[in-house]
Amino acid sequence: MVRSCEQGIPAWVAVGTLLFLIHSVTVRGAALKQEVPLDSGATVLNHSMSMVQRMESLLALGNSSDVTLRVQTINTDEVKVIQAHSLVLTLQSVVFEELLLSRNNSYLLLRETPDCAAVFDKFIRYLYCGDISVRLDQAVSLHKLASKYRVWGLQQGLTQFMTQHLSSDSPTGHVIGWYNYALQMGDMVLRDSCLQYLSWNLSSVFQSAEWSSISEDLLFSLLQRSDLILQSELELYEALEAWLSQNQPVSSTVESALKAVRYGMIPPHHLFRLQKQSPLMQKHYESIRDLLYLAFQFHSASPIQLAKFFDVNCSIFTPRNYLSTSWGSPWVINNPTRDDRSFSFQTQLGPSGHDSSKRVTWNALFSPRWLPLSARSTYTELGAMQPTRTDGGRPRIIVTPATSSPDFAGVSFQKTVIVMARQQGKIVVRHVYNFHQSTEEAGDFLVDADLQRRASEYLIDSSLYLHIVIKPLYHTLLVARK
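The following refers to the structure shown. Keep in mind that what you see is a predicted model, and the values were worked out from it rather than measured.

Along its length, the protein carries 20 helices and 12 strands. Taken across its 482 residues, the protein has 43% of its residues classed as buried. Taking the contacts inside the protein whose residues are at least 6 apart along the sequence as the reference set, 67% of them involve residues at least 24 apart.

Structure below.
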């Protein structure tokens, strides 16, 4: 194809023919197989990879180029020159189409930021070949170019790449940077994925270099959430103290952040220690004194008594997803497809100091292939048992208290099942299921998981790693006095 161009065939004919062939093979190939029935014994010849290689050579050699891209790095004299083909650019990008229609020269001058200029050749190669290699530190720059030039397929692919690599290791971290970028660009899918990852893996975020770089807006977004997964509220306070010490925000920001801590979820002996040993609490004690006083009242009275005088539905009395042993237990299920498993564990009745010594025993049952009653084995009139369907069952988990108690009055329990997974070599939270006291199980538990496959993303070394959290929620028995 290139040789024909050199012999005098116009550039647009050569490039157009090549693009038509690639488009026909790679885009319409599947459709052709469906629309044109093949005779028995017929064979489909697919040379799409060869055509892609020719396109890559066309770009690399610049043969039959009819437009020069001059990519200038903003605020510098650095210019990168790329010999390109108008037909390819217009086919892939409406922005390039508009620029080419309005140009007055044989070249296009494109001004890009340093990070985008550094990966511009990779971006152009994608327009020719349809594939691209991406490093973590290049994802945002390439996403910017895809958005700027409206290459929507690449933009969506990069969003997917970033959502799938949130747990990857990088020298300075990348999730918070990606969150800020998504917020700026209005990419809600990426923003929500980053926020969910941070919320579900907060303890590891506390230990990373990224924690100190978190913005005030993102900090308050996290502090307001009840679905945070972390060791304890005390861990959150200590991480917040470190962030405030390093970033030194204005006094009003410090006080607002301190007021977002749920002091009722911190045991009294730790609250006493913080009052004496935390410089941050000592400095801003007056701004949170009423919250601390309410927390101590919460720890000293029964929930029923407290509910007569205070609204116990407010956030200070609402637990997050704490991984410490008082709130639940891990559960590793080896070979989860083998048979049903059961497990018992204990939690505190509630976070109130009044209830902390009272224990509740919980029974958990996991079934890998639970079937509804209508699909189970039945007996015929002759007494023969019809075979049970083994396909179509789904994983099921049930969590129930072993006994009932008068102490449960004024308390309901939210049950949270956390599913762990290994991503990019790191153990992270894969999914979270919530269900309340009125229901014994999560209806959609692992509904999309293929536990039969050893390489399932829900398994770690062929085992299912769960963590069950029991969250006592207090509710007002009588109308709170004003």
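Additional details are given in the paragraphs that follow.
Most of strand 1 (residues 67-73) is tucked away, with 6 of its 7 residues classed as buried. Direction of pairing for strand 1 relative to strand 2 (residues 79-84): antiparallel, over a ladder of 6 bridges. What sits directly across from Arg-70, in strand 2, is Val-81. Here strand 1 folds back onto strand 2, and the loop between the two strands holds 5 residues, one of which, Asn-75, carries a positive phi near 65 degrees. The pairing of strand 1 with strand 3 (residues 107-112) spans 6 bridges and is parallel.

In this section: the packing of helix 15 (residues 233-247) against helix 17 (residues 268-277). When two helices pack together, their arrangement is given by the angle between the helix axes and the distance between those axes. Taken N-terminus to C-terminus, the directions of helix 15 and helix 17 make an angle of 15 degrees; their axes are 11 Å apart at the nearest point. The angle between helix 15 and helix 17 falls in the class roughly parallel. Between helix 15 and helix 17 lies a crossing of right-handed hand. Across from Leu-234, Tyr-237 and Glu-238 in helix 15, the residues of helix 17 making contact are His-270, Arg-273 and Leu-274. Within the contact of helix 15 with helix 17, the residues separate by chemical class into 3 nonpolar, 1 polar and 2 charged.

On to the pattern of salt bridges. When their charged atoms lie close together, side chains carrying opposite charge are able to pair. One pass over the full model with this rule turns up 19 salt bridges. Where Arg-135 meets Asp-137, a salt bridge forms, and the shortest distance between an N and an O atom there is 3.1 Å. For Arg-135, a relative accessible area of 48% puts it in the partly exposed group. Asp-137 sits in the exposed class, given a relative accessible area of 56%. Of the charged contacts, one joins Arg-289 and Glu-286 as a salt bridge, the two residues approaching to 3.3 Å between their closest N and O atoms. Within this pair, Arg-289 and its partner Glu-286 are both found in helix 19 (residues 285-300), separated by 3 residues, close to a single helical turn. A residue is classified by how much of its surface remains accessible, and Glu-286, at 53% relative accessible area, is exposed. Sharing partners across several salt bridges, the network here consists of Arg-430, Asp-450, Arg-453 and Glu-457.

Take the nonpolar core next. Core analysis: the biggest nonpolar cluster contains 94 residues, and Trp-211, Leu-222, Tyr-263, Phe-445, Leu-446 and Leu-466 have the highest contact counts within it. Broken down by element, the residue count for this core peaks at 7 residues, all from helix 15. Aside from chain neighbours lying at most four places away, what touches Leu-222 is Leu-195, Leu-198, Ser-199, Leu-202, Trp-211, Ile-214, Leu-228 and Arg-320. With 33 residues, the next largest nonpolar core counts Phe-96, Leu-110, Ile-124 and Leu-158 among its residues.

Take unusual backbone geometry next. With phi around 60 degrees, Ser-64 is a residue other than glycine that occupies positive phi space. Relative to the elements of secondary structure, Ser-64 occurs in the loop between helix 4 (48-61) and strand 1.

Moving on, we come to the sheet that holds strand 1. The strand order across the open sheet built from 3 strands is 2-1-3, with neighbouring strands paired in mixed fashion. The strands lining the two open edges of the sheet, one partner per strand, are strand 2 and strand 3. Along the sheet, successive strands turn relative to each other by an average axial angle of 20 degrees, direction set aside. The strands touched by helix 6 (residues 94-102) are strand 1 and strand 3; relative to strand 3, the strand with the most contacts, the crossing angle is about 130 degrees.

All right, on to the packing of helix 14 (residues 216-223) against helix 16 (residues 251-259) then. At a minimum axis separation of 10 Å, helix 14 and helix 16 run at an interaxial angle of 20 degrees. As the angle between them shows, helix 14 and helix 16 are arranged roughly parallel. Where helix 14 crosses over helix 16, the two elements pack in a sense that is left-handed. Across the interface between the two elements, Glu-216, Phe-220 and Leu-223 of helix 14 pack against Thr-253, Ser-256 and Ala-257 of helix 16. Residues of the contact of helix 14 with helix 16, tallied by class, amount to 3 nonpolar, 2 polar and 1 charged.

The next subject is the pairing of strand 10 (residues 411-423). Inspection of the sheet shows strand 10 paired to strand 12 (residues 463-474) by 9 bridges, in the antiparallel sense. Paired with Thr-416 across the strands is Val-469, a residue of strand 12. Note that strand 10 and strand 11 (residues 426-436) share 10 bridges and pair antiparallel. Each residue of the ladder has a partner; that of Gln-423, found in strand 11, is Lys-426. Two successive antiparallel strands, strand 10 and strand 11, enclose a turn made up of 2 residues, where Gln-424 displays a positive phi of approximately 50 degrees.

What counts as what
Residues numbered from 1 in each chain as written. Predicted model: local features only at pLDDT ≥ 70, side-chain atom pairs only at ≥ 80, totals over all residues. Heavy atoms only, no water. Helix = DSSP H or I, 4+ residues; strand = E, 2+ residues; numbered from the N terminus. Buried < 20%, exposed > 50% of the residue type's maximum accessible area, 1.4 Å probe, protein only. Contact = heavy atoms within 4.5 Å. Pairing = 2+ DSSP bridges. Axes fitted to C-alpha atoms, helices over the stretch in contact; angles between N-to-C directions. Parallel < 35°, antiparallel > 145°, perpendicular 65-115°, else oblique. Left-handed = near helix turned anticlockwise from the far one by under 90°. Nonpolar A, V, L, I, M, F, W, Y, C, P; charged D, E, K, R; others polar. Salt bridge = Lys/Arg side-chain N within 4 Å of Asp/Glu carboxyl O. Core = buried A, V, L, I, M, F, W, Y, C linked by side-chain atoms within 4.5 Å.

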